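The lines below spell out each chain.
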Amino acid sequence: MPFGGTAGVAESGRQARLVRSVAMTYLSGDRVSGPTRRTTLAGLVGGAGAVLAAGCSPPGASPSNEPELRRRAGFYAPAGDPTPGVMTLFKDPAFNFNGLLALGSSGYGAGEVGEVLTAVNAINKAGLSAQTYTETFRKLGDQLMAAPQGSRPGAQTTRFRALRAAQYYAQALFFVLGSDTPGIEEQLYKAGRGAWDRFCRLCDPVPVTAHIPYGKTPLPVWFFRPDDSGKRRPTVILTNGSDGQNVDMWTYGVPAALDRGWNALVYDGPGQGQLLFVDQVVFTPRWETVVTPLVDWLSARSDVDSGKIALTGLSMAGDLAPRAAAFERRIAALVAMPGVLSPWLGFPPEIREILTPDKEKTNNIWNKEVVPELPPSAAATMKKRIEPFSVPAMLAARQGKMFTDFYTPATLIKSLDITDVVSRIKMPTLVLDYEDEQFYPGQPRQLFDKLTAPKDYVKLTAATGAQLHCSPMAPQQHCEVVFDWLQETLPGG
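Remember, it's a predicted structure, so these values are computed and weren't measured experimentally. (Residues numbered from 1 in each chain as written. Predicted model: local features only at pLDDT ≥ 70, side-chain atom pairs only at ≥ 80, totals over all residues. Heavy atoms only, no water.)

A.B. asks: For the sheet that holds strand β3 (residues 208-212), give the residues involved together with the corresponding values.
C.D. replies: Here we have eight strands laid out as an open sheet, ordered β3-β4-β6-β5-β7-β8-β9-β10, and mixed in their pairing. Each edge of the sheet is formed by a strand with only one pairing partner; in this case those strands are β3 and β10 (455-460). Strand-to-strand, the axes of this sheet are offset by a mean angle of 20°, without reference to chain direction. With four bridges connecting them, strand β5 (residues 233-239) and strand β6 (residues 263-267) associate as parallel partners. Paired with Thr235 across the bridge in β6 is Asn263. This element, helix α19 (residues 475-489), spans β5, β7 (304-314), β8 (333-337), β9 (429-434) and β10 of the sheet and lies at about 165° to β8. (Pairing = 2+ DSSP bridges. Helix = DSSP H or I, 4+ residues; strand = E, 2+ residues; numbered from the N terminus. Axes fitted to C-alpha atoms, helices over the stretch in contact; angles between N-to-C directions. Contact = heavy atoms within 4.5 Å.)

Below, the structure is given as structure tokens:
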């Protein structure tokens, strides 16, 4: 094994393989028996804002309330402490998870340990909040986009300062709706995008950029190659989740692909990046309509082996990528990171039960029974979770207001369920799972069990610091697992 941990046997349609594994930990999605709607809603407004993100506490949550939040969310949260000792940067799990993502990205140059820890210290000293988090990371991004004092940076220095800036702007962007300045959301996105574009312009070779037709709004793409020789190579399409930025696709795939002789395609789809924050296009449940034009574009290139195009999906894209692969048969290999059957089940029952078949009834419950009692922290979390599915919700949040139409985005999220199409997937598939998975607990295994294609299942664990959703502290281990499997499945890089 390339790194430590407990050896187990992966279940595979092709062969038995040694992987890191521990006993499965499932988080129940079932409600405790008996509560009425009113008592359930009382629990929601009384502290279950901590479970609005399926186990993560919300932006702006007070660390002093943590024991109460943990108690109320106890049947959602992992047993024990998933971030012991120095893995706890912030007492609030939501801020901590995002801080760990920034810290973990340092292995691929998309962060700097000292910069992140200095920012963490500054935030904790000022008092942890969405405001202090947003301000601190935004200022850090601004500093890195300016020339360092007393020197003339070379191209490589400028390049990687821009990459780190993109990470820090993304950190600020994630919590801005819970800050005092939610109206700067688009501005923050554009700052991060500008940093990403500067980084890309200084890569060697420079990634090919294009706008691929998709409905009325083209998809921006960045096509990375190991060199400009024109050699025909395997290619991986890297699919982001519901709130990630392009810099995350660097951390979770681009350099790993290039180092192995693969091409890598990064793109913004509906509900992501430019299409969400600027073009105002929300997620679609038919992700094959997004991936098919990407495959068309790649297949037309002489430097792409059209028989060896792989598709990965990170975070909620562990639902999107399998959906696309169920209908786009030119995908030769699929990786779900983690496997997700239903993003709607990532919301706690208290939220899901608000949705009824009747739009007016649903929105009456939301606006009259729920919204008036939501504390600011829970309200901020709901604004963030819903914005990729509703332009009116996003625009209201930027004005500091709560959306009034719960029914429409909730119905869209529910429609992302892929349970009925998993059997259509025919290509070899790798499903990842994570110890202490806090967003989609149990779903990776459920997706794996439903697959009829050749398949592998790997669970990354706390034994090597790879616990939590998408292994925020161990993206290098994560990429080792994914790209070793891809090379074995589609050799020729």
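A.B. asks: Outline the side chain of Ser315, listing residues and values.
C.D. replies: Along the polypeptide, Ser315 turns up in the loop between β7 and α12 (317-327). Residue Ser315 is classed as buried on the basis of its relative accessible area of 16%. Within the structure, Ser315 has its side chain in polar contact with the side chain of His469 (distance 2.8 Å). Leave out the neighbours within four places in its chain, and Ser315 touches Gly241, Met337, Pro338, Val340, Tyr440, His469 and Cys470. (Buried < 20%, exposed > 50% of the residue type's maximum accessible area, 1.4 Å probe, protein only. Polar contact = N/O pair within 3.5 Å; in protein donor to acceptor, adjacent residues only side chain to side chain.)

A.B. asks: Could you give an account of the pattern of salt bridges, naming the residues involved and the relevant values?
C.D. replies: Evaluation of the coordinates by the stated rule reveals 16 salt bridges. A salt bridge links Arg385 to Asp243; its shortest N-O distance comes to 3.0 Å. Separated by 142 residues along the polypeptide, Arg385 in helix α15 (residues 376-386) and Asp243 in the loop between β5 and α8 (246-251) bring together distant segments of the chain. Using a relative accessible area of 17% as the deciding quantity, one classes Arg385 as buried. Two residues, Glu387 and Lys384, come together in a salt bridge whose shortest N-O distance is 3.3 Å. Comparing Glu387 with Lys384, the two get one shared label, buried. In this structure, a network of salt bridges that share partners links the residues Glu185, Glu186, Lys190 and Arg398. (Salt bridge = Lys/Arg side-chain N within 4 Å of Asp/Glu carboxyl O.)

A.B. asks: Please set out unusual backbone geometry residue by residue, giving values where relevant.
C.D. replies: Omega for the peptide link from Asp204 to Pro205 comes to 0°, which places this bond in the cis form. With respect to the helices and strands, the residue Pro205 is situated in the loop between α7 (185-201) and β3. Here the residue pair Met337 and Pro338 is connected by a cis peptide bond, since its omega of 5° sits within 30 degrees of zero. Within the secondary structure, Pro338 is located in the loop between β8 and α13 (349-352). Phi angles above zero are rare outside glycine, and Ser315 is one such case at about 60°. Its identity as a non-glycine residue notwithstanding, Asp436 has a phi of 65°, on the positive side. Tracing the backbone shows Asp436 in the loop between β9 and α18 (443-450). We classify Asp436 as buried; its relative accessible area is 11%.

A.B. asks: Kindly report on helix α17 (residues 407-414), identifying the contributing residues and their values.
C.D. replies: Given 3.6 residues per turn, any residue in an α-helix points the same way as the ones three and four places further on. Listing the buried residues of α17 in full gives Pro409, Ala410, Leu412 and Ile413. Down the axis, α17 shows its buried residues gathered within 160° of arc, on one side only. Considering only its buried residues, α17 is in contact with α15. (Arc of directions from axis to C-beta.)

A.B. asks: Can you tell me about the confidence of the model for the chain, naming the residues and giving the values?
C.D. replies: The share of residues in the chain with pLDDT of 70 or more is 84%, and the mean pLDDT across the chain is 87. Residue range residues 1-78 is modelled with pLDDT below 50. Its contacts to residues more than four positions away, or to other chains, number 168 contacts. (pLDDT = per-residue confidence, 0-100.)

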